[in-house]
Amino acid sequence: MAYAEQNLPSLGDSEREELSPLMERKLGEQVMRDIRRDRDYLDDPVVLEYLNNFGASLVAARPEARGEAGYDFFFFAVRDPTLNAFALPGGFIGVHSALVLAAQNESELASVLAHEIGHVAQRHIARMLGRQRQDSLIPLAAVVLAALASRSSPDATSALLLGGQGMAVQRQLNFSRDAEREADRVGLQILDDAGFDTSGMIAFFGRMQNATRSYSDMAPAYLRSHPLTTERMADIEARIRDQRYKQHVDSLDFHLIRARLRVLQNPTAQGMRDAAAVFENQLQQKGRTQIAAAKYGLAFIALRQGATDKAQTLLQESSAAAPGSSEKLQNPVLTGLSIDIKLAANRPVEALKEADAARAKFPLSRGIAHQYADALVATGRYDEAVRYLRDQAQLYRHEPELQERLAKAYAAQGKQALQHIALAEYYAISGSLPAAIDQLGIARRAPDATFYDQTVIDARERELQASWKEEMKDSQARR
Ligand SMILES: [Zn+2]
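The model shown is predicted, which means the values in this text are computed figures rather than measured ones.

K.L.:
Teacher, can you tell me more about the overall build of the protein here?
P.N.:
Scanning the protein for helices and strands turns up 25 helices and three strands. In the protein, buried positions account for 53% of the 479 residues. Per element, the accessible surface of the protein, about 22,000 Å² overall, is 50% carbon and sulfur.

Below is the structure:
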């Protein structure tokens, strides 16, 4: 993946040995802004919701990992055929799509994420970046971006970003052997405390090591950034011996999400055919979970191809195959796809009815909340949509998706000033302050802008201008 280098501030402070948690978070947010714009960033609400619920259950086992600032971790996936995961400054943890697909159970996935949480908890990144000297002339965010870009193709991308400095930078961001062992130790504790099978770590790391031997192109990415020595494996094994074996029952969601990722990782026609072939093969297996996941994957493909009737039938078959009748009723992933199918099939009334029932059943699901708003708009109930989205935006101030939908609902009502105020908030939350300020200008000139709207716009514009000035100062003062 290539990340554009633009306006990257250097947060390096030569006096400091380690970045403060607040600085670390700020740096992570800057890097995330670029990653979110990358076409390989998997901006899929269902995958993001699963990863974040799953990741949060791991972080809960070690709340102090959130630093003095108490920030929330954010987990995300990128389209990438190599096996890897990486931690950015400030608790942003990315995982490659291929790694999620290679994990055979939740304990294996958890072992990789817990290891990355270990790096954050032990402040490995903050310490490493804190040691970067300002006279190295490389802005910090660029260092992180270059290291990320070099994950898949170390020679091409980082050289592109930083000229000849690319490889040196990449070595700087590799953790020391001690740091790797420490992340393993903390990761294992997290796994154990969160109720996962700790032998998942050995199984998964071992399989990656074997894959390195047999398919040299596929596996080494993770091992290159987290060198796995015999010593490290022996260390993990010794620690596991002292721990009691825990049976972890995988959620149905884990298997559904993997099916979804298999479709999303390659959205070309050939990618769909390959994914469908894997699902057809999976249907030959005996396990009900496997069959439910395969049918879900085929239903998702059908929806993406516009075959909504076929998608509906396949989804019903998936639901019927899913083990345990209570689980079927309690599954937001299956319900979410059902609502999407109805919205795509232009059956908004049914979609609304289903979304309304689902939001009562899954009050914490952000995906379902967004779908409910979509269904209100689709049925033309704009007043209700606006009321609902405004309430939601009060509760979830950092969700750009809410402001985006709010703008759509206002547009449907023909309210131009309010539409552009909502768009301004959408850009402000997404970190594009100049675009946000532009939208406020458009809102001010809108023919329906009332005196009250003008006052709101003026006040908000002063705030955003001040933040923008601050951001520019940050990036220039330290150059
Ligand atoms: Zn590591």
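K.L.:
Would you mind going over the coordination of the zinc ion with me for this structure?
P.N.:
Taken together, the protein donors to the zinc ion comprise H115 (NE2), H119 (NE2) and E180 (OE), at separations of 2.1 Å. Donor residues for the zinc ion, ordered by position in the chain, follow H-x3-H-x60-E. With H119 in helix 4 (residues 106–121) and E180 in helix 9 (residues 177–193), the pair connects residues that are 61 residues apart, well separated along the chain.

K.L.:
Help me understand the pattern of salt bridges, please; the structure alone is not making it clear to me.
P.N.:
Pairing between side chains of opposite charge can happen when their charged atoms approach one another. In total, this model carries 21 salt bridges according to the counting rule given. With its nearest N and O atoms 3.2 Å apart, the salt bridge here joins E350 to R347. Classification of E350 by relative accessible area gives partly exposed; the value is 40%. For R347, a relative accessible area of 25% translates into the label partly exposed. Between R460 and E425 there is a salt bridge, with its nearest N and O atoms 2.7 Å apart. You can see R460 sitting in helix 25 (residues 451–477) and its partner E425 sitting in helix 23 (residues 416–430), a full 35 residues away along the chain. In this structure R460 comes out as partly exposed when scored by relative accessible area, which is 24%.

K.L.:
Hey, could you run me through the packing of aromatic side chains in this one?
P.N.:
To describe a pair of aromatic rings, you give the distance between the ring centres and the angle between the ring planes. Following the criterion strictly, the structure yields 10 aromatic pairs and no others. Taking 5.8 Å as the distance between ring centres and 45° as the angle between the ring planes, the aromatic pair formed by Y41 and F76 counts as tilted. A residue pair is termed long-range when its members are at least 10 positions apart, and Y41 in the loop between helix 1 (21–37) and helix 2 (45–59) and F76 in strand 1 (residues 74–78) qualify at 35 residues. Take F76: its relative accessible area is 0%, and that puts it in the buried class. Ring plane angle 85° and centroid distance 4.7 Å describe the contact between Y372 and Y388, whose orientation is recorded as edge-to-face. Linking Y372 in helix 20 (residues 366–378) with Y388 in helix 21 (residues 382–395), this pair joins segments that are 16 residues apart in sequence. An aromatic cluster is built from Y41, F74, F76, F86 and F92, whose rings are joined through pairwise contacts. A cation over a ring is seen here: R260 above F300, with NZ or CZ 4.2 Å from the ring centre.

K.L.:
How should the side chain of H124 be read in this particular structure?
P.N.:
Locating H124 in the fold gives a position in helix 5 (residues 124–130). Given a relative accessible area of 6%, H124 falls into the buried group. Within polar-contact distance, the side chain of H124 engages the side chain of H119 at 2.8 Å. For H124, the side chain forms a polar contact with the side chain of E182, separated by 2.6 Å. Residues contacting H124, with those up to four places away along its chain left out, are G118, H119, F175, A179, E182 and A183.

K.L.:
Explain unusual backbone geometry here, please?
P.N.:
Note on backbone geometry: most residues besides glycine have negative phi, and most peptide bonds are trans. Of note, the phi angle at R123 is positive, near 60°, even though the residue is not glycine. Residue placement: R123 occurs in the loop between helix 4 and helix 5. With relative accessibility at 16%, the residue R123 sits in the buried group. For N346, which is not glycine, the phi dihedral falls at a positive 60°. In this structure, N346 sits in the loop between helix 18 (332–344) and helix 19 (348–361).

K.L.:
I would appreciate a short explanation of helix 22 (residues 400–413) in the present structure.
P.N.:
For an α-helix the count is 3.6 residues per turn, leaving residues at separations of three or four pointing the same way. An ideal rise of 1.5 Å per residue puts 20 Å on 14 residues; helix 22 measures up with 20 Å between its terminal C-alpha atoms. All of the buried residues in helix 22 are P400, L402, Q403, R405, L406, A407, A409 and Y410. Against helix 20, helix 21 and helix 23 lie the buried residues of helix 22. The positive-phi residue at the C-terminal boundary of helix 22 is G414, with phi of around 75°.

K.L.:
Help me understand the environment of A179 in this model?
P.N.:
With respect to the helices, strands and loops of the structure, A179 is situated in helix 9. Residue class for A179 comes out buried when judged on its relative accessible area of 9%. Spatially, the C-alpha atoms of A179 and H119 are 7.4 Å apart, while their sequence positions differ by 60 residues. Beyond its immediate sequence surroundings of up to four residues, A179 is in contact with H119 and H124.

What counts, and where the lines are drawn
- Residues numbered from 1 in each chain as written.
- Predicted model: local features only at pLDDT ≥ 70, side-chain atom pairs only at ≥ 80, totals over all residues.
- Heavy atoms only, no water.
- Helix = DSSP H or I, 4+ residues; strand = E, 2+ residues; numbered from the N terminus.
- Buried < 20%, exposed > 50% of the residue type's maximum accessible area, 1.4 Å probe, protein only.
- Areas by Shrake-Rupley, 256 points an atom, 1.4 Å probe, with all protein chains shown as cover.
- Donors = N, O, S within 2.8 Å, 3.2 Å for Na, K, Ca; no water.
- Salt bridge = Lys/Arg side-chain N within 4 Å of Asp/Glu carboxyl O.
- Phe/Tyr/Trp six-rings, centres within 6.5 Å; stacked < 30°, edge-to-face > 60°.
- Lys NZ or Arg CZ within 6 Å of the ring centre and 35° of its normal.
- Polar contact = N/O pair within 3.5 Å; in protein donor to acceptor, adjacent residues only side chain to side chain.
- Contact = heavy atoms within 4.5 Å.
- Expected span 1.5 Å × (residues − 1).

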